[in-house]
Amino acid sequence: MSGQHDDPPLSELDLRVRALESLLVEKGLVDPAALDLLIDTYETKVGPKNGAKVVAKAWCDPAYRTRLLADAGAAIAELGFTGRQGEDMVVLENTDEVHNMVVCTLCSCYPWPVLGLPPVWYKSAPYRARAVSDPRGVLAEFGVALPADREIRVWDSTAEVRYLVLPQRPAGSEDLSEADLAELVTRDSMIGVGLPLNPGKTAADAS
Amino acid sequence: MPLLRADQVEAVLSRGHSTRVALDIPPRFRSGQAVLTKNINPQGHTRLPRYARGRKGLVLRDHGVFVFPDSSAAGTGDCPQHLYAVRFSAAELWGPEGEPGQYVIVDLFEDYLLPVGAGATSAK
Amino acid sequence: MNGGHDLGGMHGLGPIEIEADEPLFHAPWERRVFALTLAMGARGEWNIDMSRHARENRDPVDYLSSSYYEIWLKGLEVLLQERGLVTPEEIAARMAALATDREAAV
């Protein structure tokens, strides 16, 4: 039968969430305007560009780098990035000897103020299971092959400390401005499953 | 408890909610010390993963004093205690399948840890 | 608890599925679940450890076959029910009412 079908039937989950929200609003337990603002904050204001600024500043400013490694929370707060799921930060420095990778095997703990909300793969079973038992295999899935003699440290965020990887500055980036350097810092490089881009490449070129 | 209003959102998010506790409790363990994780299997909430139970590790860092999740989740109190970053070799965790030059560092509460005797071999 | 969430070292879970240009939320309901969870959590009726336990305390089959935000939803429903704030019966009744309204509007 033809007719207006502007509103297709809602999925079970969609209906359930609408029901829950309407009940919570009715009971005076949540403010709808607050809900919209919470969403907007993480959709538009908080994301990996924050962490990229921290990394780029550490690459350019040796004194900042020292402060960042000594007291990450205070140094990150200098740039205005603070808050929920980033109250207690530690920065992990990648070197020619050591590569760091971060996971939360038990749930999805992630440093929101500097990286935003985590991607689905970070929260999903395959990464959570294998990051701790097969880090080289995981890196290979992300297209990263490290030298055989590189030490790999995988940090399982089992408590409220949140980790940010400080990747190595790419070769050939000496003449770039801090803003241009920030463009090279990918989210994945700050989790430790990727490396920063090389100068001259854009995110679109990265495989 | 009042609802979260829109005008409070920014402050609440940027303040966050650290579970660090400002209590000067003496730590039981120190950086560089060998420890053995307990083999506990509580029905309730714990943040000691199964793969890291009954394993020998090395304390890398004392993060300070935090709320203990196991008691906090059960509603039995904050039970504040030191939290340590403890390093395990891949061989210690996974046996022959663990590769050399690979380590897993797990953030573990003092209640999850036991001292290792002076005569015990350190983690491989 | 020795639940399905304690995944370190597990085998057989397959490759890491990486979505290019992944959106922050994959459906409007995920957005709402995220916001509802944070808003209710800010009231202080439960702490983060209780909310984690509410998510992980289920049949491992349920945990492993649910999407991330489905687990958040299930955990939130448990926390609300435990405190008598919202019951499963209220949710079911509201769902039926909303579905009826939508059918009537077509």
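Predicted model, so just to flag it, every value in this text is computed and none were measured.

**Student:** Could you give an account of the packing of helix H2 (residues 48-56) of chain C against helix H4 (residues 68-82) of chain C, with specific residues and numbers?
**Tutor:** Geometry of a packed helix pair, given as the angle between the helix axes and the separation of the axes. Residues and elements named next belong to chain C. Look at H2 against H4: their axes get within 8 Å of each other, and the N-to-C directions meet at 115 degrees. It follows from the interaxial angle that H2 and H4 lie roughly perpendicular. Seen from above, H2 lies across H4 with right-handed handedness. Residues Met-50, Ser-51, Ala-54 and Arg-55 of H2 lie in contact with H4, whose contacting residues are Ile-71, Trp-72, Lys-74, Gly-75, Val-78 and Leu-79. In the contact of H2 with H4, the residues fall into 6 nonpolar, 2 polar and 2 charged.

**Student:** Describe the pairing of strand S4 (residues 161-166) of chain A, naming the residues involved and giving the relevant values.
**Tutor:** All names here are of chain A. Where burial is concerned, most of S4 is hidden: 6 out of the 6 residues are buried. In this sheet, S4 lies alongside strand S1 (residues 88-93) in parallel orientation, the contact comprising 6 bridges. Bridge assignment links Val-91 to a residue of S4, and that residue is Leu-164.

**Student:** Report on the sheet that holds strand S4 (residues 102-109) of chain B, specifying residues and quantitative values.
**Tutor:** Strand order across the open sheet formed by 7 strands is S2(A)-S3(A)-S4(B)-S3(B)-S2(B)-S1(B)-S5(B), with mixed pairing between neighbours. For this open sheet the edge positions go to strand S2 (98-103) of chain A together with strand S5 (113-115) of chain B, each flanked by a neighbour on one side alone. Taken over all neighbouring pairs, the strand axes of this sheet differ in orientation by 35 degrees on average, direction set aside. As paired elements, strand S2 (residues 56-66) of chain B and strand S3 (residues 81-89) of chain B share 7 bridges and run antiparallel to each other. Considered in S3(B), the bridge of Phe66(B) is made with Gln81(B).

**Student:** Give a detailed account of the pairing of strand S1 (residues 34-37) of chain B, specifying residues and quantitative values.
**Tutor:** All names here are of chain B. The side-chain alternation of S1 yields one buried face, formed by Val-35 and Thr-37, and one unburied face, formed by Ala-34 and Leu-36. The pairing of S1 with S5 spans 3 bridges and is classified as antiparallel. By the bridge assignment for S5, Val-35 is matched with Pro-115.

**Student:** Report on the nonpolar core, specifying residues and quantitative values.
**Tutor:** Judged by nonpolar contacts, the single largest core of 76 residues is most densely connected at Val55(A), Leu164(A), Val86(B) and Val104(B). Here Val55(A) is in contact with Leu166(A), Pro167(A), Val185(A) and Met190(A), once residues within four sequence places are set aside. With 36 residues, the next largest nonpolar core counts Leu24(A), Leu4(B), Ala39(C) and Ala42(C) among its residues.

What counts, and where the lines are drawn
- Residues numbered from 1 in each chain as written.
- Chains lettered and ligands numbered in written order.
- Predicted model: local features only at pLDDT ≥ 70, side-chain atom pairs only at ≥ 80, totals over all residues.
- Axes fitted to C-alpha atoms, helices over the stretch in contact; angles between N-to-C directions.
- Helix = DSSP H or I, 4+ residues; strand = E, 2+ residues; numbered from the N terminus.
- Parallel < 35°, antiparallel > 145°, perpendicular 65-115°, else oblique.
- Left-handed = near helix turned anticlockwise from the far one by under 90°.
- Contact = placed C-beta atoms within 7 Å.
- Nonpolar A, V, L, I, M, F, W, Y, C, P; charged D, E, K, R; others polar.
- Buried ≥ 20, exposed ≤ 12 C-beta atoms within 10 Å, placed from the backbone.
- Pairing = 2+ DSSP bridges.
- Core = buried A, V, L, I, M, F, W, Y, C linked by C-beta atoms within 7 Å.

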